[in-house]
Amino acid sequence: MHDSWKDFLKSEFGKPYFQDLSAFLHAEYEEKTIFPKKSQVFRAFTTDLNQVKVVILGQDPYHTPGAAHGLAFSVPDNQPIPPSLVNIYKEIDDDIGHHANKTGNLSNWQKQGVLLLNNVLTVEAHHAGSHRGHGWETFTEATIKYLNENRPHLVFLLWGRDARSKAAWIDKSKHLVLESPHPSPLSAHAGFFGNHHFSQANDFLKKHGMDPIDW
C-alpha cells in the first residue's frame, strides 16, 4: 500500500469492526478459495492518495478463478474482458470516440490517478456477494469520507445501487458526483449507456487544471 494512506489505514485497522472483519477473513482464506489473493486485497491503495483524481466504486471482486486482481472492474492481461467492462468500453467509445486499453487490465487508469475501489474487497470463489455484511462496507464508507475531506475536486463515478449509496457522504459543492445504473448487461441499457460520464469527468478535471484521463 502507498505510504500516503498510512494514517487512514492504521486508524481503520485498529477499530473493532475491522478486527472482526480480519478474523472472518483469516478463517475464510484458511478454509475456502477466496479472491483476490491476500497480497492483492488492498491493491487499490497502491494508488498515491495525493494523485487521486477520479474514484470508480465497484461492487465486489470477480468470483471466477484468475479474474480478480484487486482493482475494481479490472482483470489481468491474459483474462477475457468481463461483460461489465465490455459495456464500459462501449460507453467510452460512444462518449469520447475510443478507449485506450487493448485488454481488461485497468492498471493504466490507476497510474493516471483513478482509484478503482470495490465496495467489498473480497469474495468466495463462485459465490458473488458472499463477503457482504462483514465489515467491508464500513471500510469503504470510511474511505469515501476520507477522500471527500482530504482531496480537492475529485470525480466520483457511482454505478449501481451499492456505489450510489455512498453519494450521501460526498460534498457535491466540492466534488463532481456522477451516478447511473451499473454497467452489467442486466442494467446497462437502463441508463448506463449514454451517461457520458467519461467526457464529463475529463471536462471537470480540465476545468480545475488537471490532466484528463486517457480512458
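Preceding this section is the structure that the text describes.
Residues numbered from 1 in each chain as written. Predicted model: local features only at pLDDT ≥ 70, side-chain atom pairs only at ≥ 80, totals over all residues. Heavy atoms only, no water.

1. Observations concerning the overall build of the protein chain
For the protein chain, the helix and strand inventory stands at 7 helices and 6 strands. Scanning the protein chain from its N terminus toward the C terminus, one meets helices and strands in the order α-α-β-β-α-α-β-β-α-β-α-β-α. Each principal axis of the C-alpha atoms in the protein chain carries an extent, and together these give about 45 × 35 × 30 Å. The burial tally for the protein chain puts 55% of its 215 residues in the buried class. Taking as baseline every contact in the protein chain between residues at least 6 positions apart, the subset at least 24 positions apart corresponds to 67%. With the model as given, the accessible surface of the protein chain reaches about 9800 Å², and the carbon-plus-sulfur share is 50%. The average position of the 21 basic charges and that of the 24 acidic charges among the side chains of the protein chain differ by 2 Å. (Helix = DSSP H or I, 4+ residues; strand = E, 2+ residues; numbered from the N terminus. Buried < 20%, exposed > 50% of the residue type's maximum accessible area, 1.4 Å probe, protein only. Contact = heavy atoms within 4.5 Å. Areas by Shrake-Rupley, 256 points an atom, 1.4 Å probe, with all protein chains shown as cover. Lys, Arg positive; Asp, Glu negative; His and termini not counted. Charge placed at Lys NZ, Arg CZ, Asp CG, Glu CD.)

2. Comments concerning the layout of surface pockets
To find leftover empty space, a probe the size of one water molecule is rolled over the atoms. The space that makes up the largest pocket amounts to roughly 520 Å³. In terms of lining residues, the largest pocket is bounded by 31 residues, among which Asp60, Pro61, Tyr62, His63 and Ser84 are the most central. The class makeup of the residues in the lining of the largest pocket is 17 nonpolar, 12 polar and 2 charged. (1 Å grid on protein atoms, 1.4 Å probe; cavity = no way out; pocket = protein on both sides within 12 Å on 5 of 7 lines; lining within 4 Å. Points joined across faces, edges and corners; volume = space filled by probe spheres on them. Nonpolar A, V, L, I, M, F, W, Y, C, P; charged D, E, K, R; others polar.)

3. Structural notes on the nonpolar core
One broad trend across soluble globular proteins is that nonpolar side chains are buried collectively. If you look at the biggest cluster of nonpolar residues, it comprises 35 residues, and the most contacted ones within it are Trp5, Phe45, Trp136, Phe139, Leu147 and Phe156. Going through the elements one at a time, α1 (6-13), α2 (16-31), β2 (54-58), β3 (114-118), α5 (136-150) and β5 (155-159) are the ones with two or more residues in this core. Among residues more than four places away in sequence, those in contact with Phe45 are Met1, His2, Trp5, Phe8, Leu9, Leu117, Leu121, Phe139 and Thr143. Counting 27 residues, the second-largest nonpolar core is a separate cluster that includes Leu178, Phe192, Phe204 and Ile213. (Core = buried A, V, L, I, M, F, W, Y, C linked by side-chain atoms within 4.5 Å.)

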